[in-house]
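Structural overview
Listed below are the residues making up each chain.
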Amino acid sequence: MKKNKIKICGVKNASIIDCCKKYKVNFIGFNFYKKSPRYISPFKAKQLMTNYTTKITAVGIFCNHEIEDVLQIIKKLKLKIIQLHGKEDSFYIKKIKNKLNVKIIKALGVNKREDLDKVMLYPNADYFLFDYKPKKNELPGGNSKSFDWSILKKTKIQKPWFIAGGINKNNISDIIDKLMPYCIDISSGVENKPGIKNKNKIKEIMDIVNDY
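What you are looking at is a predicted structure, and each value in this text was computed from that prediction instead of being measured.

As a further point, take the sheet that holds strand β3 (residues 57-62). The strand order around the closed barrel built from eight strands is β1-β2-β3-β4-β5-β6-β7-β8, with neighbouring strands paired in parallel fashion. Sheet twist, expressed as the average angle between the axes of neighbouring strands with direction ignored, equals 25 degrees. Pairing between strand β1 (residues 5-9) and strand β8 (residues 183-186): four bridges, direction parallel. For Ile6, the partnering residue across the bridge sits in β8 and is Ile184.

Burial along strand β4 (residues 81-84) is two-sided: Ile81 and Gln83 and Ile82 and Leu84, pointing in opposite directions, are all buried. One ladder, built from four bridges, connects β3 with β4; its direction is parallel. Bridged to Gly60 within β4 is Ile82. Bridge analysis of β4 against strand β5 (residues 103-110) gives four bridges, and the strand direction is parallel.

With that settled, the discussion passes to the environment of Ile93. Examined against the element boundaries, Ile93 turns out to sit in helix α4 (residues 90-99). Sequence-wise, Ile93 and Lys106 are 13 residues apart; in three dimensions their C-alpha atoms are separated by 9.0 Å.

So, on to the side chain of Gln83. Tracing the backbone shows Gln83 in strand β4. Judged by relative accessible area, Gln83 falls into the buried class, the value being 2%. Here the side chain of Gln83 touches Lys7 through a polar contact of 2.7 Å, side chain to side chain. Leave out the neighbours within four places in its chain, and Gln83 touches Lys7, Val59, Gly60, Ile61, Phe62, Ile105, Leu129 and Asp185.

Structurally, Asn200 is set in helix α6 (residues 199-210). Separated by 181 residues in the primary sequence, Asn200 and Cys19 place their C-alpha atoms 9.1 Å from one another.

Rules and cut-offs
Residues numbered from 1 in each chain as written. Predicted model: local features only at pLDDT ≥ 70, side-chain atom pairs only at ≥ 80, totals over all residues. Heavy atoms only, no water. Pairing = 2+ DSSP bridges. Helix = DSSP H or I, 4+ residues; strand = E, 2+ residues; numbered from the N terminus. Axes fitted to C-alpha atoms, helices over the stretch in contact; angles between N-to-C directions. Buried < 20%, exposed > 50% of the residue type's maximum accessible area, 1.4 Å probe, protein only. Polar contact = N/O pair within 3.5 Å; in protein donor to acceptor, adjacent residues only side chain to side chain. Contact = heavy atoms within 4.5 Å.

Rendered as structure tokens:
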């Protein structure tokens with residue numbers, strides 16, 4: 001059985017990157033959305049990027065940013081993959097790809113099966129991320145809430161996809177047993193509080209994943 005890849009999102013310090021490296025996390029996420037408690041400045045993210053190797057991939061997370069700002073940060077940090085978590089459309093993705101060689105994860109909020117049809121709107125995305133659909137006044141991600149994961153059962157998505165939303169040590173086995181995502185994306189499930197990651201919780205998650 002092929003193991004699911006794991007992404008720890010909202011990383012803000014070197015010790016957590018070291019922990020992710022130690023337990024063989026595949027991706028770490030730098031959140032550039034200023035309203036998020038997991039926000040990190042591009043300057044600090046650039047400093048932290050000296051703390052990991054090619055064995056772990058950094059993902060830049062953006063939400064309704066101006067395209068020029070996104071391009072500047074990608075170039076400054078030499079990012080190979082970014083995540084768009086707002087209302088960015090296919091034209092927005094095309095403009096980025098026309099400028100830079102970068103892979104793009106398009107996040108989609110899900111609360112019913114029909115929401116999965118939105119993948120058709122983004123033919124130039126490289127990956128999709130299915131997350132809890134936020135209500136008004138909620139953050140675009142990292143709300144510690146799940147959607148009905150059974151929606152994804154027997155659904156054929158033509159591109160690799162990530163799953164996020166309220167995933168923790170108590171429910172990650174359900175995803176591994178019942179779904180086949182390319183990657184499981186975790187943020188609040190390895191935190192003491194929003195923005196504060198817990199190394200022991202990362203270890204617990206990775207112990208479960210590595211047991212499969």
